[in-house]
Amino acid sequence: LTRKVVIAGVGYSDLGRDTGLSEGALAVHAARAALDDAGLDPSDIDGLTAFPDRQGGDEFSGPTLNFVQRSLGLDVRFWMASGNGPAQLSCAISAAAAIESGLADVVMCFRSVVAQPRTKVASKRTSSVAWNEASFSAPYGAAGSAPKWALVARRYLYESGTDPSLLGSVVVNCREHAQLNPRAIWYGQPITLDDYFDAPLVAEPLRRVDCDMPVDAAVAVVLARADRAADLRHAPALIQAMSCAPGPAIEHDLMDFGRQSSYYIGQELWTKTDLRPADVDVVEPYDGFSFQPLHWLEDLGFCGRGEAGEMIAEGRCRVGAELPICTDGGQLGVGRYHGLEKLAQAARQVWGGAEQAQVQGAEVSVACAGGGPRGAAMLLTTFSP
Amino acid sequence: MYETPRTSTGRSAARSPSWAAAVVELVEQAGLRVATNIVNCTPEAISIGLPVRVVYVDYDTKLTLAYFEPAPEESPR
């Protein structure tokens, strides 16, 4: 980035299976917490972004930008939300791009989700009219989230030569980190490999515990021009590089399962920085399903193809070990925040705000989110003016 | 590519408690893949690379779906 952009503050709403709060209220709570963390006022915000947005979306789309703008009393000159494109980090990508181009100086981005009864979502997806690419897969029972992603998981395990049992190590690792995070839905409930293998299969090879738990939760992140750093409550995190390359085929359902966006992002990200994977102290990879951190770690070059599962099983990705991942507990431990929390945690790690999960001396972190052709990664470092 | 959901998340074309969703690549055109179900075999009999052949099934009076079943080696796929 030619103009420097920083992560200035992050905020979280309450999290739970049934908080009684609307997605709008959750978003506003998280946004207020992020402003407080950054030491900024609503009047400092001149941009607002989200992924995706209720406008034109479905019941999992979060509140509209309009609702959050009204609720916070923001006066914005830049706003953008999209459910398509580089997935969960798209709101942060567009915020950073807006700041770099001069469209805004300080941007609030957020993601808000509410736990839905699974049966309602599943019946809606399978019994109503299938549209877009899903019209090819829905009639064959691969429309819901787990059945669809199980296809990708199976292909990943096959092509990378990864033993399916290693997925259990990912879940155990996340649950262990969730014990460091009182906000986590699985706080107080670690899991053993035996527990993992006792869990029922949802869509082979995925067990119930390979899937993140739907929760009510919102996270908000404030991005700002780096020259605003002196106004902030604490040192920010500097965005060193970002990438959201989808690869040549952006079809979602019948994509090249062996090469997801993580592969193309891995090719591009390191061309934009002098830093190398070995310089990274902590990684926050997307883990809506347990196989996903594995292809992110491999495709971003933190280990070779097919090596990530063993790396986690050997305990090398725990807080305190060589390359901690999913340090907040991940979605498998905390619940389905749905991706933007990856950036929040990666930022907290480099400014030293990760509380019990703090990786000592962390100076470089990576947040990455998404699956299929929709994904993005951001490389962060400590900031010195 | 295949997986076998063990809980019913909706109406599967096979209307069975367990079915195998899969993506099949057609030998007639490399890279051309279709979403489908693998039928007429147990889930344990399915593996990546299994030769299959098409079988058409009337889902209801309006809809016919293309499924695939394991193919004897000498038969066209």
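Further up the page is the structure itself.
Procedures and definitions
- Residues numbered from 1 in each chain as written.
- Chains lettered and ligands numbered in written order.
- Predicted model: local features only at pLDDT ≥ 70, side-chain atom pairs only at ≥ 80, totals over all residues.
- Heavy atoms only, no water.
- Helix = DSSP H or I, 4+ residues; strand = E, 2+ residues; numbered from the N terminus.
- Buried < 20%, exposed > 50% of the residue type's maximum accessible area, 1.4 Å probe, protein only.
- Areas by Shrake-Rupley, 256 points an atom, 1.4 Å probe, with all protein chains shown as cover.
- Phe/Tyr/Trp six-rings, centres within 6.5 Å; stacked < 30°, edge-to-face > 60°.
- Lys NZ or Arg CZ within 6 Å of the ring centre and 35° of its normal.
- Core = buried A, V, L, I, M, F, W, Y, C linked by side-chain atoms within 4.5 Å.
- Contact = heavy atoms within 4.5 Å.
- Polar contact = N/O pair within 3.5 Å; in protein donor to acceptor, adjacent residues only side chain to side chain.
- Pairing = 2+ DSSP bridges.
- Axes fitted to C-alpha atoms, helices over the stretch in contact; angles between N-to-C directions.
- Parallel < 35°, antiparallel > 145°, perpendicular 65-115°, else oblique.
- Left-handed = near helix turned anticlockwise from the far one by under 90°.
- Nonpolar A, V, L, I, M, F, W, Y, C, P; charged D, E, K, R; others polar.

Enquirer: With reference to specific residues and values, describe the overall build of chain B.
Expert: Summing up its helical and strand segments, chain B has zero helices and five strands in all. Listing each helix as α and each strand as β along chain B from the N terminus yields β-β-β-β-β. When burial is assessed residue by residue, chain B has 36% of its 77 residues classed as buried. Counting every atom, chain B has about 4,500 Å² of accessible surface; 53% of that belongs to carbon and sulfur.

Enquirer: Explain the packing of aromatic side chains to me, using residue names and the numbers behind them.
Expert: Residues and elements named next belong to chain A. A full pass over the atoms with the stated rule returns five aromatic pairs over all chains. Between tyrosine 12 and tyrosine 337, the aromatic rings sit 5.9 Å apart at their centres with planes inclined by 55°, giving tilted as the arrangement. Of this pair, tyrosine 12 sits in strand S1 (residues 5-12) while tyrosine 337 is found in the loop between helix H12 (330-334) and helix H13 (340-351), placing the two residues 325 residues apart along the sequence. In this arrangement the basic side chain of arginine 175 is found over the ring face of tryptophan 186, its NZ or CZ atom lying 3.8 Å from the centre. In this arrangement the basic side chain of arginine 183 is found over the ring face of tyrosine 12, its NZ or CZ atom lying 3.8 Å from the centre.

Enquirer: Hey, could you go over the nonpolar core for me, with residue numbers and the actual values?
Expert: Residue and element names in this part refer to chain A. Ile7, Leu223, Leu297 and Leu343 are the most contacted members of the largest nonpolar core, which totals 99 residues. The dominant element in this core, judged by the number of residues it contributes, is helix H6 (residues 145-160), at eight residues. In contact with isoleucine 7, not counting residues within four places along its chain, are Val221, Val222, Leu223, Pro236, Ala237, Ile239, Leu343, Ala347, Trp351 and Leu380. Counting 31 residues, the second-largest nonpolar core is a separate cluster that includes Ala27, Ala31, Met108 and Val114.

Enquirer: Provide a residue-level description of the side chain of serine 261 of chain A, including the pertinent values.
Expert: Residue and element names in this part refer to chain A. Tracing the sequence through the fold places serine 261 in helix H9 (residues 261-269). The exposure class assigned to serine 261 is buried, which follows from its relative accessible area of 1%. A distance of 3.4 Å separates a polar side-chain atom of serine 261 from the backbone nitrogen of glycine 375. Discounting chain neighbours no more than four positions away, the residues touching serine 261 are Ala245, Pro246, Gly372, Pro373, Arg374 and Gly375.

Enquirer: Please give an account of the pairing of strand S5 (residues 64-70) of chain B that cites residues and values.
Expert: Each regular strand displays side chains that alternate between the two surfaces of the sheet. Sheet topology places strand S4 (residues 52-58) of chain B next to S5 of chain B; seven bridges connect them, and they run antiparallel. Pairing of valine 54 of chain B across the sheet is with phenylalanine 68 of chain B, part of S5 of chain B.

Enquirer: An account of the packing of H6 of chain A against helix H10 (residues 292-299) of chain A is requested, with residue identities and associated values reported.
Expert: Residues and elements named next belong to chain A. H10 packs onto H6 with a crossing angle of 45° between their chain directions and a minimal axis gap of 10 Å. With respect to each other, H6 and H10 are oriented oblique. Seen from above, H6 lies across H10 with left-handed handedness. Two secondary-structure elements touch here, H6 through Trp149, Tyr156 and Ser160 and H10 through Gln292, Leu294, His295 and Glu298. Residue composition of the contact of H6 with H10, grouped by class: three nonpolar, three polar and one charged.

Enquirer: Help me get a handle on the environment of aspartate 279 of chain A, residues and values and all.
Expert: Residues and elements named next belong to chain A. Summarising the element assignment, aspartate 279 is placed in the loop between H9 and strand S9 (282-285). Linking aspartate 279 and glycine 304, residues 25 residues apart in sequence, is a C-alpha distance of 16 Å. At a separation of 2.7 Å, a polar atom in the side chain of aspartate 279 contacts the main-chain amide nitrogen of arginine 276.

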